[in-house]
Amino acid sequence: MNTQTPDVYSSKSMLRSRWSYIFECTFEYFVALLVSDVYLANLLKYMGISDAVIGIISSLISFAFLFQLFSIFAVKHIVNVKKASIIFHFASQLFFMSLFLLPFLPFTTEYKTVIVIACVLIAYFGNYLVTSVIFKWGTSFVDPHKRASFGATKEMISLISGVVFTLIIGFAIDAFSEKGNVEGGFIFIAVGILLCSILDLCCLLIMKSPKAEKKEDRTEPISVVLKNLFSNKAFICLLVIGALHSIATYSINGFMGTYKTSELGFSIGEAQIINTAGALFRFAISKPLGKFSDKTSHATGYLLGVSMLALAFLFNIFTTPNAKWMIYVYALLYQGSAAAIHQNFLFISFDYIEEKYFVQATSIKSAVSGVSGFIASIVGAAILSAVQANGNSAFGISMFAQQLLSAIAFVIVVILILFVTLVFKKQKKLSEKE
């Protein structure tokens, strides 16, 4: 556990490092926005890559969380955390940037496809290898009693600046397209990623170097690390919690976009208004929820978040073309729940897991959650196809597939709430064992 006194966190070096970490996360978020969704899809389509292959590449991106498992083996060999983080993180962002330069290479589509897949895998490998390391490093500058509030501030800055950033980039890309200069738009994005990467690098350089870990902690055999983690009942509970949450959300999330524009009949612009409303609500309540978690506990804050998530799915069960307005309620509750769930689930590890095992624990948590979510999305797709093939009917009842998936997600979240309340919250924190 961190034994520093609260006064230490008010020093200039700590304050400077905290803000540097906040802005580092923001610039990293900007890069993530530019290499996902419509930006990446437009790039791949322009290079002549088929929709099927684009789907495969998208699956690779969603499956890349498994690279975090390499952190379990790499962390014991990292002597200089700051140097290793800077090298792997900056290199990964350069590979992201290189994606938007591929249209200018004199290669066939087949070769470009291979290069795209290689760049994506290398970029995510470098990124996820040090993701948990950087998070632990950045969090070390925060008073343990104010982590949730800090996380809320960090998320709010990334969220609101991300909205502005994507609007600016979107208008710029549209301007290039209207002039018939699509490749100019790709160069613009590549330059944008480079600038964000350099600013991200500067933030990491400004951050104070973390305190060196004891040599015996770094050289502890993997078998011993895993034995200690899996003998910790609280850690096992966290794996179950992460899996249940991912199964619930991934079983429905990927199908809500088409539900808004197809079955519910919203235009793309109207759908964006719904998403923006949810994002702004998340921004508005992030700070109060963070303070609530700091005053109570990360587990209590997380429980509040999943309770909001259950309500979101409950409302979505009854969202139909005749009750379209309920999608706004769903969006607000879903985004509001994310404000409480995301940060609390990250910080909760500090309460139950020894700090020297934090990177390994976080990597395993992310991998288990990711695999669970990936499988859930496949099952969700199968259910969607079956309901639609049956004329939007299930069990003899007329309904849309998304309504059924929302009902399934609701039941899973209720099980999650019961598990957190009846099992996880009864586990002793590290502070209670001392």
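Below is a summary of the structure that appears in this document.

What counts and how
- All residue numbers here refer to positions counted from 1 along the written sequence of the relevant chain.
- It should be noted that, the model being predicted, local features are given only for residues of pLDDT at least 70 and side-chain atom pairs only at 80 or more, the latter also being counted only at that level, while totals for whole chains, interfaces and linings use all residues.
- Side-chain calculation: all heavy atoms of the structure are included, whereas hydrogens and water are not.
- Counting from the N terminus, the helices are DSSP H or I runs at least four residues long and the strands are E runs at least two residues long.
- Between the two quantities, the radius of gyration covers C-alpha atoms and the globule rule is 2.2 Å times the number of residues to the power 0.38.
- Exposed residues in this analysis have more than 50% of their type's maximum accessible area, buried residues have under 20%, and partly exposed residues fall in between, with area computed by a 1.4 Å probe over protein chains only.
- To be clear on the numbers: accessible area is Shrake-Rupley with a 1.4 Å probe, and residue cover counts the displayed protein chains and nothing else.
- Charged residues are defined narrowly, with Lys and Arg counted positive, Asp and Glu counted negative, and His plus the chain ends left uncounted.
- Working definition for charges: the position is that of NZ of Lys, CZ of Arg, CG of Asp or CD of Glu.
- Any two residues whose heavy atoms approach within 4.5 Å are treated as being in contact.
- Exposure above 30% relative accessible area and no salt bridge define the residues that can form patches, which grow by joining like charges within 9 Å and nonpolar side chains of Val, Leu, Ile, Met, Phe, Trp and Tyr within 5 Å.
- Only one rule defines a salt bridge in this text: a Lys or Arg side-chain nitrogen within 4 Å of an Asp or Glu carboxyl oxygen.
- Aromatic rings from Phe, Tyr and Trp, with only the six-membered ring used for Trp, were paired whenever their centres fell within 6.5 Å, and each pair was classed as stacked if the ring planes differed by under 30 degrees, edge-to-face if by over 60, and tilted otherwise.
- Charge-over-ring contacts are defined here by two conditions on Lys NZ or Arg CZ: a distance within 6 Å of the ring centre and an angle within 35 degrees of the ring normal.
- Between N-to-C directions, angles span 0 to 180 degrees; the directions come from axes that are lines fitted to C-alpha atoms, helices contributing only their stretch in contact.
- We call two directions roughly parallel when the angle between them is under 35 degrees, roughly antiparallel when it is over 145, roughly perpendicular when it lies between 65 and 115, and oblique otherwise.
- Left-handed describes a crossing whose near helix is turned anticlockwise from the far helix by less than a right angle; the clockwise case is right-handed.
- Classes in brief: Ala, Val, Leu, Ile, Met, Phe, Trp, Tyr, Cys and Pro nonpolar; Asp, Glu, Lys and Arg charged; the others, Gly included, polar.
- Polar contact is the term for a pair of N or O atoms within 3.5 Å; when the atoms are in protein, one must be able to donate a hydrogen and the other to accept it, and sequence-neighboring residues count only if both atoms are side-chain atoms.
- By disulfide we mean two sulfur atoms from cysteines, separated by a distance within 2.5 Å.
- A helix is expected to reach a length of 1.5 Å times the quantity of its residues less one.
- By nonpolar core we mean a set of buried residues, namely Ala, Val, Leu, Ile, Met, Phe, Trp, Tyr and Cys, connected to one another through side-chain atoms within 4.5 Å.
- To obtain the bend at a residue, axes are fitted to the seven residues ending there and to the seven starting there, and the angle between these axes is taken.

### Focus on the overall build of the protein chain
Working step 1: Each helix and strand in the protein chain was counted, giving 18 helices and 2 strands.
Working step 2: For the protein chain, whose C-alpha radius of gyration is 22 Å, the value lies close to the compact-globule estimate of 22 Å for 434 residues.
Working step 3: The principal-axis extent of the C-alpha atoms belonging to the protein chain is close to 60 × 55 × 40 Å.
Working step 4: Across the 434 residues of the protein chain, 50% fall into the buried class.
Working step 5: Total accessible area computed for the protein chain in this model is approximately 20,000 Å², and 69% of it derives from carbon and sulfur atoms.
Working step 6: When the 33 positive and 24 negative side-chain charges of the protein chain are each reduced to one mean point, those points stand 8 Å apart.

### Focus on the environment of Ser197
Working step 1: Along the chain, the position of Ser197 falls in helix H8 (residues 182-206).
Working step 2: In this structure, the C-alpha to C-alpha distance between Ser197 and Glu24, residues 173 residues apart in sequence, is 9.2 Å.
Working step 3: Setting aside its immediate chain neighbours within four residues, Ser197 contacts Val31, Phe90 and Gln93.

### What to know about a nonpolar patch on the surface
Working step 1: Where nonpolar side chains cluster on the molecular surface, the patch consists of Leu101, Phe104, Ile187, Val191 and Leu195 and spans about 410 Å² of accessible area.
Working step 2: For Val191, the position within the fold is in helix H8.

### Quick notes on the packing of aromatic side chains
Working step 1: By the definition in use, this model includes 19 aromatic pairs.
Working step 2: One aromatic cluster is present, formed by Phe135, Phe347, Phe350 and Phe358 through successive ring pairs.
Working step 3: The ring of Phe345 is capped by Lys365, whose NZ or CZ atom sits 4.3 Å from the centre of that ring.

### Focus: the packing of helix H1 (residues 12-34) against helix H5 (residues 81-99)
Working step 1: One way to put it is that H1 packs onto H5 with a least axis distance of 11 Å and a crossing angle of 25°. In terms of their interaxial angle, H1 and H5 are classed as roughly parallel. Classified by chirality, the crossing of H5 by H1 is left-handed. When H1 is examined against H5, the residues Glu24, Glu28 and Val31 are found in contact with a partner set consisting of His89, Gln93 and Phe96.
Working step 2: Class assignment for the residues of the contact of H1 with H5 results in 2 nonpolar, 2 polar and 2 charged.

### With respect to the side chain of Ser161
Working step 1: Note that Ser161 resides in helix H7 (residues 147-178).
Working step 2: A distance of 2.5 Å separates the side chain of Ser161 from the backbone oxygen of Ile157, its partner in a polar contact.
Working step 3: Here Ser161 is in contact with Thr26 and Phe30, once residues within four sequence places are set aside.

### So, the state of the cysteines
Working step 1: Considering all chains together, one arrives at 0 disulfides under this definition.
Working step 2: Considering cysteine sulfurs only, Cys203 is the nearest to Cys25, which forms no disulfide, with 9.2 Å between them.
Working step 3: Its relative accessible area of 13% is what places Cys25 among the buried residues.
Working step 4: The thiol sulfur of Cys119 is not disulfide-bonded, and the nearest other cysteine sulfur, from Cys196, lies at 19 Å.
Working step 5: Residue classification places Cys119 among the buried positions, given a relative accessible area of 9%.

### Focus: helix H16 (residues 358-389)
Working step 1: An ideal rise of 1.5 Å per residue puts 46 Å on 32 residues; H16 measures up with 46 Å between its terminal C-alpha atoms.
Working step 2: Directly beyond the C-terminal end of H16, a positive phi value near 70° is found at Gly391.

### Quick word on the environment of Val379
Working step 1: Mapped onto the fold, Val379 is located in helix H16.
Working step 2: Given the relative accessible area of 44%, Val379 is considered partly exposed.
Working step 3: As a C-alpha pair, Val379 and Ile353 span 26 residues in sequence and 33 Å in three-dimensional space.

### Regarding the nonpolar core
Working step 1: Formed by 56 residues in total, the largest nonpolar core has its most connected members in Ile241, Phe313 and Phe424.
Working step 2: Considering each element in turn, this core owes the most residues, 10 residues, to helix H17 (residues 401-422).
Working step 3: If we ignore the near neighbours within four places in the chain, the residues touching Phe424 are Ala234, Cys237, Leu238, Ile241, Ala299, Ile348, Tyr352 and Phe419.
Working step 4: Core analysis: the next-biggest nonpolar cluster, separate from the first, contains 34 residues, Phe27, Phe30, Val31 and Ala123 among them.

### Notes on helix H6 (residues 109-139)
Working step 1: Along its 31 residues, H6 runs 43 Å from first to last C-alpha, staying within 8% of the 45 Å computed at 1.5 Å per residue.
Working step 2: In H6, a bend of some 40° at Thr131 exceeds every other bend along the element.

### Here's the deal with the packing of H7 against helix H15 (residues 326-352)
Working step 1: Running from amino to carboxyl end, H7 crosses H15 at an angle of 135°, the nearest separation of the two axes being 10 Å. One way to sum up the angle between H7 and H15 is to call them oblique. When you trace H7 past H15, the crossing you get is right-handed. Only Ala338, Ala339, His342, Gln343, Asn344, Phe347 and Phe350 of H15 make contact with H7, whose side of the interface consists of Arg147, Ala148, Gly151, Ala152, Lys154 and Glu155.

### Digging into unusual backbone geometry
Working step 1: A positive phi is found at Asn392, a non-glycine position, where the angle reads about 55°.
Working step 2: Looking at where Asn392 falls in the secondary structure, it is placed in the loop between H16 and strand E1 (393-394).
Working step 3: For Phe395, which is not glycine, the phi torsion reads 60° and is therefore positive.
Working step 4: Structurally, Phe395 can be placed in the loop between E1 and strand E2 (397-398).

### Details of the side chain of Gln93
Working step 1: Looking at the element boundaries, Gln93 is found in helix H5.
Working step 2: Within the local environment of Gln93, its side chain forms a polar contact with the side chain of Ser197, the two groups lying 3.4 Å apart.
Working step 3: Beyond its immediate sequence surroundings of up to four residues, Gln93 is in contact with Glu28, Val31, Ile193, Ser197 and Asp200.

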